Amino acid sequence: MRYLFLHGVLAALPLSASAFPHVAEGVATRLTSASPRRSEKRTVTFDPAAQLVDVTSEHAFVPPNFAAGDQRGPCPGLNALANHNYLPHNGVAACTDITNQTVSVYGLGADITSFLAIYGAIFDGNILSLDPGYSIGGPSSVYQDILSGLGLLGTPQGLSGSQKKHESDASACRGDLYTSGNDYKVDINRFNEIYALQSNDASPSYDLDVWTGHRKERFLKSKNENPEFFYAPFAGVIASTGDFTFPPRMFSNKSAAYPDNGILDKDILKSFFSINGTDDNLVYTEGYERIPANFYKRAIGNEYTIPLFMEDPFSFASKFPEMFSMGGNTGESRQLRRARSGELDGRDLQLCGSAGGEQSLVFCVPGLVGCGSGCPEGWLQ
């Protein structure tokens, strides 16, 4: 049930709002009380010829041309794929391409990437297109569809307008929209926080333990500084886990010495997050994410699948149980109010405050996601 929840979200989209409390309550119970089912120990073999990612010739790095309409957004992995022509360089890609290339280039499991691609097309792109897909950045006119540019939920906004659908506040390297005014560009201060955790180490490796500590600090800082902090049941507890696990799982460089988890050193981390400069003067350049030379992906047969992905929230929670909190501040920092099942009945969840008092956060269909103010236009009524 735990790792099938991601598949269940799609199946549950047609549910009414009144069904959401039972979904949320069931998920919360399982996440907080069940023990993860650990995968059997795998023997991973390093195959350099099969795992080396080509970044030459047609896949050489080419930065985006924003003036020409190229799109880049909050996902460093997708940005890098577009910059290396694994996805269309304009940043608008079909679900099939996103699925195939994230599996081929990074070793992401086909189950995870298929879900994310369809999810993105529904909430951020055009699932009704002749070739469903979405922009990895902001809105774009580059869609082949049957509704003259309209998606299922209105005009497609792309990933850059989707933080509350894919992750809640407390992002790994991006700001909270309410406090920073931007939630899709790298916040260099936040990047510095994760970078500093290994910057003085003799052999730096930003593994899952490092990202676990960073996730705890990001959660506490957002909760304590953002009066409109919100941590949704799906987007917060489940989906945003990928924000902290994909880097060590997907961006670490595999080798004969480290065939399973690989090594994510400083240079590789900077490359994937479009960062240049010395340790004391790091500089972010929007949209320049790149796959480093001599990068070896996850071994074939050792893809990062949903069962493996769903082990990671338990790893986080074993060191930081508050990660399973669902709720938000009520107009004041440090005033996290957790969602209670009795308050989730009906359409309104009185959680997120504003200067004028409590506001209603509508939990219609996107209650599974917790998109809040990021819901498609017309849903918040």
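Here the structure is a predicted model, which is why all the values come from computation and not from measurement.

> Can you help me understand the packing of aromatic side chains in this one?
The description of two aromatic rings rests on the distance between their centres and on the angle between their planes. Under the defined criterion, the tally for this structure stands at 21 aromatic pairs. For the cation-ring pair, R215 lies above F316, with the distance from its terminal atom to the ring centre recorded as 4.9 Å.

> Would you mind showing me how to read the nonpolar core here?
Nonpolar side chains in soluble globular proteins tend to be buried together. Core analysis: the biggest nonpolar cluster contains 64 residues, and Y106, F191, W211, F272, F273 and I291 have the highest contact counts within it. Considering each element in turn, this core owes the most residues, 7 residues, to helix 6 (residues 110–123). With residues near it in sequence (within four places) discarded, F191 still touches C173, V186, L269, K270, F273, I275 and L282.

> Looking at this structure, how should I read the pairing of strand 5 (residues 281–284)?
Each regular strand shows side chains that alternate between the opposite faces of the sheet. The sheet contact formed by strand 4 (residues 275–278) and strand 5 spans 4 bridges and is antiparallel. When the bridges of strand 5 are listed, N276 appears paired with V283. Between strand 4 and strand 5, which pair antiparallel in sequence order, lie 2 residues.

> What is the right way to read the pattern of salt bridges from this model?
Should the charged atoms of two oppositely charged side chains come close, the side chains can pair. Under the defined criterion, the tally for this structure stands at 8 salt bridges. As a salt-bridge pair, K221 and E193 come within 3.0 Å of each other at their nearest N and O atoms. Residue K221 is found in helix 10 (residues 208–225), and its partner E193 is found in helix 9 (residues 188–196); the two are separated by 28 residues along the sequence. A relative accessible area of 33% means that K221 is categorised as partly exposed. In this structure, the salt-bridge partner of K266 is D279, at a minimum N-O distance of 2.9 Å.

> Would you take a moment to explain the confidence of the model for the protein chain for this structure?
Taken over all residues, the pLDDT of the protein chain has a mean of 77, while the share at 70 or more is 71%. Within the model, the stretch residues 1–39 combines pLDDT values under 50 with 65 contacts to residues more than four positions away or in other chains. In this model, residues 340–381 is a region of pLDDT below 50 whose contacts with residues beyond four sequence positions or in other chains number 99 contacts.

Scoring rules and cut-offs
Residues numbered from 1 in each chain as written. Predicted model: local features only at pLDDT ≥ 70, side-chain atom pairs only at ≥ 80, totals over all residues. Heavy atoms only, no water. Phe/Tyr/Trp six-rings, centres within 6.5 Å; stacked < 30°, edge-to-face > 60°. Lys NZ or Arg CZ within 6 Å of the ring centre and 35° of its normal. Core = buried A, V, L, I, M, F, W, Y, C linked by side-chain atoms within 4.5 Å. Buried < 20%, exposed > 50% of the residue type's maximum accessible area, 1.4 Å probe, protein only. Helix = DSSP H or I, 4+ residues; strand = E, 2+ residues; numbered from the N terminus. Contact = heavy atoms within 4.5 Å. Pairing = 2+ DSSP bridges. Salt bridge = Lys/Arg side-chain N within 4 Å of Asp/Glu carboxyl O. pLDDT = per-residue confidence, 0-100.

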